[in-house]
Amino acid sequence: MPASSAHPDDPHYLLRSGWLRAAVLGANDGIVSVASLIVGVAAVGSSSDAIAIAGLAALTAGAMSMAAGEYVSVSSQSDTERADIAREREALAATPEAELEELTAIYRERGLSAETARLVAAELTAKDALGAHVRDELGLSEAHAAKPLQAAFVSAATFSAAAAVPLLAALAAPAGSIIPVVLVVTLVALAVLGALGARAGAAPLLRATLRVVFWGAFAMAVTAGVGLLFGVSV
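Residues numbered from 1 in each chain as written. Predicted model: local features only at pLDDT ≥ 70, side-chain atom pairs only at ≥ 80, totals over all residues. Heavy atoms only, no water.

Let us look at the overall build of the chain. Along the backbone of the chain there are 7 helices and 0 strands. Across the chain, helices and strands are ordered from the amino to the carboxyl terminus as α-α-α-α-α-α-α. Across the 234 residues that make up the chain, the buried fraction comes to 34%. A fraction of 75% describes how many contacts in the chain between residues 6 or more apart in sequence connect residues 24 or more apart. Just so you have it, the chain exposes about 13,200 Å², and 67% of that area is on carbon and sulfur atoms. (Helix = DSSP H or I, 4+ residues; strand = E, 2+ residues; numbered from the N terminus. Buried < 20%, exposed > 50% of the residue type's maximum accessible area, 1.4 Å probe, protein only. Contact = heavy atoms within 4.5 Å. Areas by Shrake-Rupley, 256 points an atom, 1.4 Å probe, with all protein chains shown as cover.)

Here it is, written out as structure tokens:
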């Protein structure tokens, strides 16, 4: 059970870190990858139909790839967390006194006196020994616990929604203006994404926005350059 908050109406931003990371990663990857591919394909004079097919294929494949990748990677993290927790449970059963000393040493390193550290360790051990070691020795908490399904769903959903922006811009643009329209729409979308991510995580607004816009523009420039250099769709 999560501990009660001292300010339940204003929760810590760290509680959002799991889904926020997946959402920002998925949305940013969706905009940048699909926009870059559209710009690269359009740079070699491909038809509007070819651009639309390439963009739709990139959206579909990217969303599935994001979901699978997030699920596998976060599941691996979750497996590691469970393995460490199991080791702690075994150690507590086999050598409880050694584990108590270990917990005491952790609290002493954080600035408590030897007597206070021992008292805190003993009281926390009596209440929930495994919880104390998971939190203070392993550094795990509910806020940072790996959630594979949540990460997979959020990444796929945000990738698809964000990737639709440059794709729709390409479909709506006149045949000879696809590249500039996609570039402008994508850069605006990246700026909005950076601002929303910064606001959700209480990060500096300007720095977060510029960071997202710069790397998105860089990715599109490189992709367009590859298309022009080799004269093929990429």
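A few words now on the pattern of salt bridges. For the structure on display, the rule yields 5 salt bridges. Linking Arg118 and Glu97 is a salt bridge whose minimum nitrogen-to-oxygen distance equals 3.1 Å. Here Arg118 is found in helix H4 (residues 114-136), whereas its partner Glu97 is found in helix H3 (residues 96-109), with 21 residues between them in sequence. With a closest N to O distance of 3.5 Å, Arg135 and Asp136 form a salt bridge. What you see here is one network of salt bridges that share partners, running through Glu97, Glu101 and Arg118. (Salt bridge = Lys/Arg side-chain N within 4 Å of Asp/Glu carboxyl O.)

Let us now look at the packing of H3 against H4. Put simply, H3 and H4 touch, their axes get as near as 8 Å, and they point 115 degrees apart. The angle between H3 and H4 falls in the class roughly perpendicular. At the point where H3 passes H4, the crossing takes the right-handed sense. Packed against H3, whose contacting residues are Glu97, Glu99, Leu100, Glu101, Glu102, Leu103, Thr104, Ile106, Tyr107 and Arg108, the element H4 presents Ala114, Ala117, Arg118, Val120, Ala121, Ala122, Leu124, Thr125, Ala132, His133 and Asp136 at the interface. (Axes fitted to C-alpha atoms, helices over the stretch in contact; angles between N-to-C directions. Parallel < 35°, antiparallel > 145°, perpendicular 65-115°, else oblique. Left-handed = near helix turned anticlockwise from the far one by under 90°.)

Another point: a nonpolar patch on the surface. A cluster of nonpolar side chains, namely Phe214, Trp215, Phe218, Val222 and Val226, defines an oily patch on the protein surface of about 500 Å² accessible area. Relative to the helices and strands, Phe214 is located in helix H7 (residues 205-230). (Patch = residues over 30% accessible without salt bridge, like charges linked within 9 Å, V, L, I, M, F, W, Y side chains within 5 Å.)

Turning next to the packing of helix H2 (residues 48-94) against H4. Contact pair H2 / H4: the axes reach a minimum separation of 10 Å and the direction vectors enclose 130 degrees. Viewed along their axes, H2 and H4 adopt a mutual orientation that is oblique. In this structure, H2 meets H4 at a crossing whose hand is right-handed. Residue-level inspection shows Ile85, Glu88, Arg89 and Leu92 of H2 in contact with H4, the latter providing Ala129, Leu130, His133 and Val134. Considered class by class, the residues forming the contact of H2 with H4 number 5 nonpolar, 1 polar and 2 charged. (Nonpolar A, V, L, I, M, F, W, Y, C, P; charged D, E, K, R; others polar.)

With that settled, consider the nonpolar core. With 21 residues, the main nonpolar core has Val34, Ile38, Ile51, Phe159, Ala170, Ile178 and Val182 as its most contacted residues. Mapped by element, the contributors of at least two residues to this core are helix H1 (17-42), H2, helix H5 (148-172), helix H6 (178-201) and H7. When near neighbours in sequence (up to four residues on either side) are disregarded, Ile178 contacts Ile38, Ala42, Ser48, Ile51, Ala170 and Ala173. (Core = buried A, V, L, I, M, F, W, Y, C linked by side-chain atoms within 4.5 Å.)

For the rest of this paragraph, the subject is the packing of aromatic side chains. Geometry of an aromatic ring pair is reported as the spacing of the ring centres plus the angle between the planes. Here the structure, examined in full by the defined rule, presents 3 aromatic pairs. Taken together, a centroid distance of 5.0 Å and an interplanar angle of 80 degrees make the contact between Phe214 and Trp215 edge-to-face. Overall, Trp215 belongs to the exposed group, its relative accessible area being 52%. Summarising the aromatic geometry, the rings of Trp215 and Phe218 are spaced 5.7 Å apart at their centres and angled 85 degrees between planes, so their arrangement reads as edge-to-face. Taken together, the positions of Trp215 and Phe218, both in helix H7 and 3 residues apart, correspond to about one turn of that helix. Ring-pair connections join several aromatic residues into one group, and the members of that group are Phe214, Trp215 and Phe218. (Phe/Tyr/Trp six-rings, centres within 6.5 Å; stacked < 30°, edge-to-face > 60°.)

Once that is clear, we can look at the side chain of Thr186. Assignment of secondary structure puts Thr186 in helix H6. Within the structure, Thr186 has its side chain in polar contact with the backbone oxygen of Val182 (distance 2.6 Å). Not counting residues up to four positions away in its chain, the partners in contact with Thr186 are Ile31, Ala35, Pro166 and Met220. (Polar contact = N/O pair within 3.5 Å; in protein donor to acceptor, adjacent residues only side chain to side chain.)

Look at H5: 36 Å from first C-alpha to last across 25 residues, which is about the 36 Å you get at 1.5 Å a residue. Val165 marks the point of greatest bend in H5, at about 25 degrees, and the proline Pro166 comes within the next four residues. (Expected span 1.5 Å × (residues − 1). Bend = angle between axes of the 7 residues up to and from the residue.)

Let us look at the environment of Ala189. Among the secondary structure elements, Ala189 is positioned in helix H6. Apart from residues no more than four positions distant in its own chain, Ala189 is found in contact with Ile31 and Val165.

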